[in-house]
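Structure at a glance
The primary structure of each chain is shown beneath.
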Amino acid sequence: MFFRAYGYGLKRCAREKYLMFWNILFPIILGTLFKVSFGDMNEREFMFQQIPVAYVEEEQSQQEFETLLTELEEENQLVKVQKVSGEEAKKLLREEEVKGIFWNGSSITLTVTEEGMDTSILKSIQEQYEKTVGAFSEIAAEHPENLQMVAGNIAKQWNYLKENSITNRNMDMMSDYFYALIAMNCLYGCFSGVNCAVAFKANLSALGARRVVASTNRFVILLADICAKITAQFFCTVFGAMYLKYALKVNLGDETVRILLMILIGSAIGVMTGVFVGSIGKIKESVREGLCIGVTMIECFLAGLMASGMYQLVETYAPVINRINPASLIVKAMYSLNIYDTYTRYNQCMLGLLAITVILCIGSYLMVRRERYASI
Amino acid sequence: MQVFKAFFKILNKNKTAMIVYMVIYLALTFVLSSNGQKNDTSDFSKVCMEIGVENQDNGKLGEALVAYLEKENEIKDIPKEREDLLDAMYYRDIQYVLIIPEDFTEKFLAGEREEVLEGTAVPGNNTAYLAKMEIDEFLQKLGMYIDGGYEPEQAAQKTLDNMEKESKVEFLSVEDSGTKPAAAYFFDYIPYIFLCIMMVSLSCVLIIFNEKNLDARNRCSSMSFFQRNLQMVLGSLGIMLLEYGVFMLVAWIMYPNYMGSFRGILSMGNALAFMLVCLSIAFLAGRQAKDDAQLNMAANVIGLAFSFLGGVFVPIDLMNKGMQKVAKFVPSYWYVSSNNSIWKIKSLSEAGDIYRNWLIMLAFAIAVFAIALMMNRLKARKS
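Residues numbered from 1 in each chain as written. Chains lettered and ligands numbered in written order. Predicted model: local features only at pLDDT ≥ 70, side-chain atom pairs only at ≥ 80, totals over all residues. Heavy atoms only, no water.

1. Focus: the overall build of chain A
The following threshold applies: A helix here means a DSSP run of H or I that spans at least four residues, while a strand means a run of E at least two residues long, and both kinds are numbered starting from the N terminus. Note that the radius of gyration is over C-alpha atoms, with the globule rule given as 2.2 Å times the number of residues to the power 0.38. Whether a residue is buried, partly exposed or exposed follows from its accessible area with a 1.4 Å probe, protein chains only, as a fraction of its type maximum: under 20%, in between, or over 50%, in that order. By definition in these notes, contact holds between two residues if any of their heavy atoms fall within 4.5 Å. Areas reported as accessible are Shrake-Rupley estimates using a 1.4 Å probe. Residue values count occlusion only from the protein chains shown. By the counting rule applied here, Lys and Arg register as positive and Asp and Glu as negative, while His and the ends of each chain are not counted. Where a charge lies is defined by one atom per residue type, namely NZ (Lys), CZ (Arg), CG (Asp) and CD (Glu).
Across its full length, chain A carries 17 helices and five strands. Computed over the C-alpha atoms, the radius of gyration of chain A is 31 Å, more than 25% above the 21 Å expected from 2.2 N^0.38 for a compact globule of 376 residues. Taken over the C-alpha atoms alone, chain A extends approximately 110 × 40 × 35 Å along its principal axes. Taking all 376 residues of chain A together, the buried fraction comes to 52%. A fraction of 71% describes how many contacts in chain A between residues 6 or more apart in sequence connect residues 24 or more apart. In the form shown here, chain A has an accessible surface area of approximately 17800 Å², with 59% of it arising from carbon and sulfur atoms. Side chains of chain A carry 35 positive and 38 negative charges; the gap between the two charge centres is 27 Å.

Next comes the structure, spelled out in structure tokens:
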């Protein structure tokens, strides 16, 4: 009987067009919009690219500064210099073709349009030159006998820093948006969960009333129905994740089996949240759905679906929320798989997710057990 | 004016959703505008980095380096657990990790300067370059003073003094150094909220008039087709003006100075132009959707698509070039484009592009409205 009810449950899922929209199409649309809007943001904003800068030579220009810029362009590939006239330089800056203008005259001046990482680096170049000149003249005045040694050491161009690499994993912060999207997709199972509970209660639906009078044990039907919803939700979310990974080329890591396991438990939580809300008292179905949307959206908001860095903010001020919020746990589990070398934190997240599922199951069972309907 | 009155009676029943949208929006705007106002000086200031430093140095030079870095950056302790360090670097709580070994001063004074410090950065990140440049800059000057014959303490002090001198940085024009006024943040997310709120109000009302039996009953009433349609148009405009009025009133209460200036008037005009686009979209959706569920889907998809593609949520210049071209086919792009220039212009005579953007939005509104009427006509023929 279980498998027959399970089969019927799957068929009913396939016929719910609106659920299919929210579980398959909506995450795909949202994922595409994310990718289009900030898919390349990491490369554009945070990754280093040679800084284009205009260079204008004025009267009494300093030859050494020009040499420094050429060196930085050719050897360090830090800047890309365009030698132009003053007017042209301003035009280039206005059109955002360059990040700044170096005016080489009796003093070096930098002109920019904004404060940022690139312009800060340009300012550092300017300072490096001016301060070296300053220090040089100071030493020349006070210790002229050591000037040759100083000049010799500057020419050596020491590499003071030994560069270490912390990880070669994907450190793109924007991935959090896609992890949160997968979490949302899992938790959208709550809508089918509510349907499941409504179809179980005789006071809420005709199907529920019919099931009460059937000879089959109601809990076998409920269990089969829940399993069917979880299966459907699992496949919808896997489809969404595959779209992200293969169509949008989002880096979700290579731990496929562990990701699938996480999606399965995430889907179970989504459906069980719906069943739990659906089992509460005697409220209208629309209110139950509203409650589900509200709860899911708050969970996803706190996990970083709408604002980047939200997870870390919550972790700083109220870490306990991150331990009990299923969306945060899913985001953290995905993150752990991609960033850490060990599975300890992933396992902790999975345990947290399992615990929440068990609590929701017990809570729902306590609410629907021993429900009897009077003969009318 | 029965139809007109009925419009507002239905609206009154749906007011909860509208109020929820408004309250959430106003709360978010308030947070965002107070967040965005951190920097209000016209002087250039360098990016402040969060640098994790572990100073094990037994001598004085390590201390001097930390004192220098501290001036323009935030120095943080390095987390002990590797996982915590990875977290901090992933979320950019720490952008660069610097370890100063115990024999740093000793080696530096002895002239061994190659790879005397250890640095770790997020791979490829541009902060690594800035951090490296700042450290190099300091050590180079320190090396110069030491080689110049100064005592270590004196050399460290001289280097710190040398670093104090500010270089000359100018902004290309005055408005580049200006700060976005708090009121401008209020208008930033208007496209999203106007679209959603028009969908949950106007479309919900129209959908009720669409209901087959009710529509048939209305058609056979004594009121002329023209009269009924006229009242529906007036009702739609009424709802639009009511919602627009509420938002503008809140803006006047929160930012009276800005709203009283010519910039405030331009922002209001810009919002009105976009509101007309929302009116036409809500009209189209309200006439086409079969039930609330369909409307809900349309509101979410259109609201989010317009906001993401038009540059409401993410600045347009962060998108790739191809997408920036596609964005021009989305009305919110023109709203955002005006909104970004309104707070920068100095007089109404510079607002030529803004007026052009209004006309483009108006053209969008007329086009969508025409599509809605055409679909209505096709539907009427079918039935």
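Still more to cover.
2. Quick word on the sheet that holds strand 3 (residues 96-100) of chain B
What counts is decided by this rule: In this description, strands pair whenever DSSP reports at least two bridges between them. Helix axes use the C-alpha atoms of the stretch in contact, all axes being lines fitted to C-alpha atoms, and the angles between their N-to-C directions lie in the range 0 to 180 degrees.
Taking strand neighbours across the sheet as the criterion, the five strands line up as 5(A)-4(B)-3(B)-1(B)-2(B) in an open arrangement whose pairing is mixed. Of all the strands in the sheet, just strand 5 (161-165) of chain A together with strand 2 (74-76) of chain B have a single pairing partner and so form its edges. With direction set aside, neighbouring strand axes in the sheet form an average angle of 30°.

3. Focus on the interface of chain B and chain A
This is how it is decided: Here the quantity called buried area is the total loss of accessible area, with a 1.4 Å probe, experienced by two parts when brought into contact, counted for both. We count a salt bridge whenever a side-chain nitrogen from Lys or Arg sits within 4 Å of a carboxyl oxygen from Asp or Glu. Pairing of N or O atoms within 3.5 Å defines a polar contact, subject to two protein rules: one partner must be a possible hydrogen donor and the other a possible acceptor, and residues neighboring in sequence count only if both atoms are side-chain atoms. Note that Gly is not counted as nonpolar here; it falls among the polar residues with everything else outside the nonpolar set of Ala, Val, Leu, Ile, Met, Phe, Trp, Tyr, Cys and Pro and the charged set of Asp, Glu, Lys and Arg.
Facing 84 residues of chain B, the contacting portion of chain A comprises 83 residues. Between chain B and chain A, roughly 8300 Å² of surface is buried when both sides are summed, and carbon and sulfur atoms account for 59% of that area. In terms of surface lost to chain A, no three residues of chain B exceed Tyr90, Tyr91 and Leu172 of chain B, which account for 10% of the buried area on that side. At the junction of chain B and chain A, the tally comes to six salt bridges. For the interface between chain B and chain A, the tally reads 28 residue pairs in polar contact (both at pLDDT 80 or more). Residue assignment for the side of chain B that touches chain A shows that the elements contributing at least two residues are helix 4 (82-90), strand 3, strand 4 (117-121), helix 6 (126-147), helix 7 (152-164), strand 5 (168-171), helix 15 (292-309) and helix 16 (321-327) of chain B. A per-class count over the side of chain B that touches chain A returns 38 nonpolar, 19 polar and 27 charged. Taken together, the five bridges between strand 5 of chain A and strand 4 of chain B define a ladder with parallel strand orientation. Across the sheet, the residue bridging to Glu163 of chain A is Gly119 of chain B, located in strand 4 of chain B.

4. Focus: the domain arrangement of chain B
We count it as follows: For each domain, the first and last residues come from an automatic or database assignment.
Under the domain assignment, chain B is made up of domain 1 (2-38 + 177-382) and domain 2 (50-168). One C-alpha centre belongs to domain 1 of chain B, the other to domain 2 of chain B, and the line joining them spans 53 Å.

5. Section: the domain arrangement of chain A
A common measure of how large an interface is: the accessible area buried when the components associate. On domain assignment, one finds that chain A holds domain 1 (2-39 + 176-368) and domain 2 (50-156). Between domain 1 of chain A and domain 2 of chain A, the C-alpha centre-to-centre distance is 56 Å.

6. A few points about the packing of aromatic side chains
All names here are of chain A. To keep it simple, the criterion reads: Between 30 and 60 degrees the pair is tilted, below 30 it is stacked and above 60 it is edge-to-face, where a pair is any two Phe, Tyr or Trp rings, Trp via its six-membered ring, whose centres lie within 6.5 Å.
Summed over the entire model, instances satisfying the criterion amount to 34 aromatic pairs over all chains. Centre to centre, the rings of Phe26 and Tyr188 are 6.4 Å apart; their planes meet at 20°, and the pair counts as stacked. Remark: Tyr188 occurs in the loop between helix 8 (175-187) and helix 9 (189-198) and Phe26 occurs in helix 2 (residues 17-38); sequence separation between them is 162 residues. What makes Tyr188 buried here is its relative accessible area of 7%.

7. Some words on the nonpolar core
Just so we agree on the cut-off: The definition of a nonpolar core used throughout is a set of buried Ala, Val, Leu, Ile, Met, Phe, Trp, Tyr and Cys residues joined through side-chain atoms within 4.5 Å.
Core analysis: the biggest nonpolar cluster contains 158 residues, and Phe187, Phe194 and Phe247 of chain B have the highest contact counts within it. Here this core takes 14 residues from helix 10 (residues 190-210) of chain B, the largest share from any one element. Residues in contact with Phe187 of chain B, not counting those within four places in the same chain, are Met248, Ala251, Tyr258, Met259, Ser267, Met268, Ala271, Tyr335 and Asn339 of chain B. Residues Val81, Ile121 and Leu161 of chain A together with Val116 of chain B belong to the second largest nonpolar core, which totals 61 residues.

8. Let's talk about the pairing of strand 4 (residues 108-112) of chain A
Residues and elements named next belong to chain A. Of all five residues in strand 4, five are buried; the element is thus mostly enclosed. Burial along strand 4 is two-sided: Ile108, Leu110 and Val112 facing one way and Thr109 and Thr111 facing the other are all buried. The pairing of strand 3 (residues 100-104) with strand 4 spans five bridges and is classified as antiparallel. Within the sheet, the bridge partner assigned to Asn104 lies in strand 4 and is Ile108.

9. Overview of unusual backbone geometry
Positioned with a positive phi, Gln60 of chain A is a non-glycine residue whose angle comes to about 60°. As for its position among the elements, Gln60 of chain A is in the loop between strand 1 (51-57) and helix 4 (63-74). Residue class for Gln60 of chain A comes out exposed when judged on its relative accessible area of 65%. At Arg92 of chain B, a residue that is not glycine, the phi angle is positive and equals roughly 60°. In this structure, Arg92 of chain B sits in the loop between helix 4 and strand 3. On the basis of relative accessibility, which here comes to 12%, the residue Arg92 of chain B falls in the buried class.

10. Here we look at the pairing of strand 2 (residues 79-83) of chain A
All names here are of chain A. Put simply, the rule reads: For crossovers, right-handed means that the path from the first strand over the helix to the second runs clockwise, given strands pointing away from the viewer.
The sheet contact formed by strand 1 and strand 2 spans five bridges and is parallel. In the strand pairing of strand 2, Val53 is matched with Val81. Handedness of the strand 1-helix 4-strand 2 crossover: right-handed.

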